[in-house]
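Reading the structure
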Amino acid sequence: MLKSDLINILVVKRGVTQKQAESTIETIFDSMKDALCRGENIEIRGLGAFHVKHYDGYQGRNPKTGEVIPVKPKRGILFRTGKELRDRVNRPEALAKPLEPDDEDDGNEGNEGDGTPPVAAGA
């Protein structure tokens, strides 16, 4: 799902204008980015939590030359799914759910029906 898909869902389900939907999604994402940049964690019930993890600096090595290189401390972002989402994704019904007519585009144009397996994106 893309950000534009979220915007379209807001337009269709909530009846807001395209501009209002874009503004809403941008506001949510900007708020999340700002919170993570400040080192705050974000928890969304039913979905999961974003955690900022602090990594200490260390002495690394250039694998080509063996030279010792200092690696600066940094922060990374981890996402941990909530139990509700994890259970929903792992339900057998979710795995056997038939494709909706809008979901039939798998990004593999040109090889439908020719017996070749679908190719994963980036492969």
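Remember, predicted model here, so these are calculated numbers, not experimental data.

Under the 1.5 Å per step criterion, the end-to-end length of helix H2 (residues 18–37) is 28 Å for 20 residues, consistent within 8% with the ideal 28 Å. For H2, the complete set of buried residues consists of Ala 21, Ile 25, Met 32, Ala 35 and Leu 36. For H2, the buried positions fall inside an angular range of 110° around the axis, keeping them on one side. Exposed residues pointing more than 90 degrees away from the buried face of H2 are listed as Lys 19 and Cys 37. Looking at the packing, one finds that the buried side of H2 touches helix H1 (3–14), strand S1 (42–44), strand S2 (48–55) and strand S5 (74–81). Among the residues trailing H2, Gly 39 stands out with phi positive, at a value near 90°.

Within the fold, Leu 6 resides in helix H1. Exposure remark for Leu 6: the relative accessible area of 29% places this residue in the partly exposed category. Between the C-alpha atoms of Leu 6 and Glu 22, which are 16 residues apart in sequence, the distance is 8.9 Å. Every residue in contact with Leu 6, bar those within four places of it in the chain, is listed here: Met 1, Ile 25 and Phe 29.

Turning our attention to the layout of surface pockets. The calculated volume of the largest pocket comes to roughly 420 Å³. Contributions of two or more residues to the lining of the largest pocket are made by H1 and helix H3 (83–89). The dominant element in the lining of the largest pocket, judged by the number of residues it contributes, is H3, at four residues. A breakdown of the residues in the lining of the largest pocket according to their chemical character gives seven nonpolar, one polar and three charged. When its volume is computed, the second largest pocket comes out at roughly 160 Å³. Lining the second largest pocket are Leu 6, Ile 25, Ile 28, Phe 29, Met 32, Ile 44, Leu 47 and Phe 50. At four residues, H2 tops the list of elements feeding residues into the lining of the second largest pocket.

Scoring rules and cut-offs
- Residues numbered from 1 in each chain as written.
- Predicted model: local features only at pLDDT ≥ 70, side-chain atom pairs only at ≥ 80, totals over all residues.
- Heavy atoms only, no water.
- Helix = DSSP H or I, 4+ residues; strand = E, 2+ residues; numbered from the N terminus.
- Expected span 1.5 Å × (residues − 1).
- Buried < 20%, exposed > 50% of the residue type's maximum accessible area, 1.4 Å probe, protein only.
- Arc of directions from axis to C-beta.
- Contact = heavy atoms within 4.5 Å.
- 1 Å grid on protein atoms, 1.4 Å probe; cavity = no way out; pocket = protein on both sides within 12 Å on 5 of 7 lines; lining within 4 Å.
- Points joined across faces, edges and corners; volume = space filled by probe spheres on them.
- Nonpolar A, V, L, I, M, F, W, Y, C, P; charged D, E, K, R; others polar.

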